[in-house]
Amino acid sequence: MSEQQIKITLAQLNPTVGDVTGNAAKARAAREKAKADGADLVVLSELFVAGYPPEDLVLKPAFQSACRAAIEELARETADGGPAMLIGTPWVEDGKLYNACALLDEGRIAALRFKANLPNYGVFDEKRLFARGPASGPVTVRGVRIGVPICEDIWLEESEEYENVVECLAETGAEILIVPNGSPYARDKTDLRLSIVVARVTESGLPLIYLNEMGGQDELIFDGASFALNADLSVAAQLPAFEENITTLIWRKTPDGWRCNGPITPQLEGDKADYAACVLGLRDYVRKNGFPGVLLGVSGGIDSALCAAIAVDALGADKVRGVMLPFRYTAQVSLDDAAKLATALGIRYEVLPIADAVNGFEAILAPVFKGLERDITEENLQARARGTLLMAISNKTGAMVVTTGNKSEMSVGYATLYGDMNGGFNPIKDIYKTEVFRLSSLRNAWKPDGALGPSGEVIPVNIIIRPPTAELRENQTDQDSLPPYDVLDAILERLVEREEPLATIIEAGFDRDVVTRVDRLLNIAEYKRRQAAPGVKVTRKNFGRDRRYPITNRFRDFGQALPEPDNKLVTRTSRASAEAFEG
């Protein structure tokens, strides 16, 4: 390092939870790239050597020891005179487990910093896993004092429970802030991150590097999109989203402090970002779990069509198999559209009629059902026959079944357990039906960088414009059972993402009977959702890690005006106790 500059390499990489050896190898390769760039420091994301989030795996003593051994080996390798390394790891000290960041330099662990503010909301559950670290001063790299707040340490202001870590670092002489993150993707999250960083830069007067993880981990997608701000709030650098990237930034000392002018990559926004997240989520789930490919039921409908396109973009056409499973209610247009979709995507495709299976089930059940009217039971036999056949192909070939239900269906239970809900992963589980239409039209005009599918129209337009139908009886459409999707989705977004009272939704202009019916369906479908396959999270509140409701639950909001609380009934003592409990 010259007197007036420091080179910092940002390694925005895709670790795998539990693959300590593989993650360490990625860190090692990133350091070699940084060394070739003449860097002084290479930075990796939060808990990188473990993979993030490790959940309860991090409580296993054997796993803790494996992570520590990997860090110690990486530390020894820094004796070669190359760049220092700042890397996230679990760390046990004095019998306590910390979410830590280790500075490795000159053949040793030069410093450790522990996460002070542990998130315990939404998808995060760190208070039950880690001890709270103390707010500490900066670490020194090549004579430059670098503050290392870890993820949540920049998100929360000082309070009775949380420390203002950035303020502490500024007061103890930090010159640059580097924040290793495991920040999952959610729609419009980019603006939220930027506003948080702007607040920390403004209050500290220091430039800040925001280094985020990239990759899919079960339901969570980490989009990367790492960036840096100068102290005057100008953008110093912006890395791409949804892809690995190693970039070396040159920071120069000026009379006003450290400053950088690095590369700035345009970011995906809105539907494009959601689609890219779905592709990345499916790709990493399949690859990291070792499946040779995927298969899915192709019905001629829009949900399976979008999932097929996502699968091909994620894995390539040679790794995707489509199966049409027609019954007597399957229209010829569905057969034609499914075949056109398969041809456009270039996937293996076959037609397996299910009449023999369904008729066989009905024959077996005839004595049990004698005297009972035909109803939804017989419709569900069709879905369950299809689910059984897809799972049989999966068992025989090893390919994972992609399930294709959208968030609207998952919300109201418009799906069949052990039927169309069968599968290992669902790329559109957090995408409402109206958004499925938008993403399908989008994919015909655009595809993300790195997508392995063909360009141009891959989803036949007729699939997009045709009224949705499950084709479980004659002339059936979804709207026979559900409100129009634009109405349904607007109500669901208020119920699920915003958790609005029914009275508030009705006051906004929605029909009372429709709102109360949708709310009832949402409540009684909880048992189905608990048994559904995992799927990509793209909204603020997905079904799974974000929203965990009891299955057995008798509370119902009947849409009445909310009563005002009677504070006269709350004594000072009981009020204080309640506040303590909430905290």
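Residues numbered from 1 in each chain as written. Predicted model: local features only at pLDDT ≥ 70, side-chain atom pairs only at ≥ 80, totals over all residues. Heavy atoms only, no water.

Caption draft 1: Broad picture of the overall build of the chain. When its secondary structure is counted, the chain shows 17 helices and 19 strands. A compact globule built from 583 residues would reach a C-alpha radius of gyration of about 25 Å, and the chain, at 27 Å, matches this within 12%. Its C-alpha atoms put the chain at 85 × 70 × 45 Å along the principal axes. With an accessible surface of roughly 25,100 Å², the chain has 53% of that area assigned to carbon and sulfur atoms. Between the centroid of the 66 positive side chains of the chain and the centroid of its 82 negative side chains there is a distance of 3 Å. (Helix = DSSP H or I, 4+ residues; strand = E, 2+ residues; numbered from the N terminus. Rg over C-alpha atoms; globule rule 2.2 N^0.38 Å. Areas by Shrake-Rupley, 256 points an atom, 1.4 Å probe, with all protein chains shown as cover. Lys, Arg positive; Asp, Glu negative; His and termini not counted. Charge placed at Lys NZ, Arg CZ, Asp CG, Glu CD.)

Caption draft 2: The sheet that holds strand β7 (residues 144–147), seen in detail. The six strands lie next to each other as β6-β7-β8-β9-β12-β13, forming an open sheet whose pairing is mixed. Every interior strand has two partners, whereas the edge strands, β6 (139–141) and β13 (235–238), have only one. For this sheet, the mean inter-axis angle between neighbouring strands, taken without regard to orientation, is 25°. Two elements, strand β12 (residues 227–229) and β13, share three bridges in a ladder whose sense is antiparallel. (Pairing = 2+ DSSP bridges. Axes fitted to C-alpha atoms, helices over the stretch in contact; angles between N-to-C directions.)

Caption draft 3: Main features of unusual backbone geometry. Omega for the bond connecting Y52 with P53 falls within 30 degrees of zero, at -5°, which places this linkage in the cis form. Positioned with a positive phi, E106 is a non-glycine residue whose angle comes to about 55°. By secondary structure assignment, the location of E106 is in the loop between β4 (96–105) and β5 (108–114). In this model, R142 sits at a positive phi of 50°, which is unusual for a non-glycine residue. You can see R142 is positioned in the loop between β6 and β7. Overall, the relative accessible area of 28% leaves R142 in the partly exposed class. (Buried < 20%, exposed > 50% of the residue type's maximum accessible area, 1.4 Å probe, protein only.)

Caption draft 4: Just the environment of A174, in detail. Counting through the fold element by element, A174 comes out in the loop between α3 (165–171) and β8 (176–181). A residue is classified by how much of its surface remains accessible, and A174, at 7% relative accessible area, is buried. As for A174 and I551, which are separated by 377 residues in sequence, their C-alpha atoms are 50 Å apart. Apart from residues lying up to four places away in sequence, A174 is in contact with P138, R145, G147, L169 and L206. (Contact = heavy atoms within 4.5 Å.)

Caption draft 5: Seen up close, helix α5 (residues 270–288). For α5, built from 19 residues, the straight-helix expectation of 27 Å at 1.5 Å per residue is met to within 8% by its first-to-last C-alpha distance of 27 Å. Of the residues one or two after α5, G290 is the one with positive phi, at around 80°. (Expected span 1.5 Å × (residues − 1).)

Caption draft 6: Quick look at the side chain of T89. Structurally, T89 can be placed in strand β3 (residues 84–93). Among residues more than four places away in sequence, those in contact with T89 are L47, F48, V49, C67, I71, Y98, N99, A100 and A102.

Caption draft 7: The arrangement of the packing of aromatic side chains in detail. All told, the structure shown has seven aromatic pairs when counted by the stated rule. Look at Y98 and F114: their rings are 4.1 Å apart centre to centre, the planes differ by 5°, and that puts the pair in the stacked class. Remark: F114 occurs in strand β5 and Y98 occurs in strand β4; sequence separation between them is 16 residues. Side by side, Y98 and F114 carry an identical accessibility label, which is buried. Residues F327 and Y329 carry aromatic rings whose centres are separated by 5.8 Å and whose planes lie at 75° to one another, so their mutual orientation is edge-to-face. (Phe/Tyr/Trp six-rings, centres within 6.5 Å; stacked < 30°, edge-to-face > 60°.)

Caption draft 8: Representation of the environment of S183. The residue S183 is located in the loop between β8 and α4 (189–204) in this model. At 3.4 Å, the side chain of S183 forms a polar contact with the side chain of K189. (Polar contact = N/O pair within 3.5 Å; in protein donor to acceptor, adjacent residues only side chain to side chain.)

Caption draft 9: Representation of the packing of α5 against helix α11 (residues 433–445) within the structure. Closest axis-to-axis distance for the α5/α11 pair is 10 Å, and the angle between their directions is 90°. Between α5 and α11, the crossing angle belongs to the class labelled roughly perpendicular. Touching D271, K272 and Y275 of α5 are R438, L439, L442 and R443, all from α11. (Parallel < 35°, antiparallel > 145°, perpendicular 65-115°, else oblique.)

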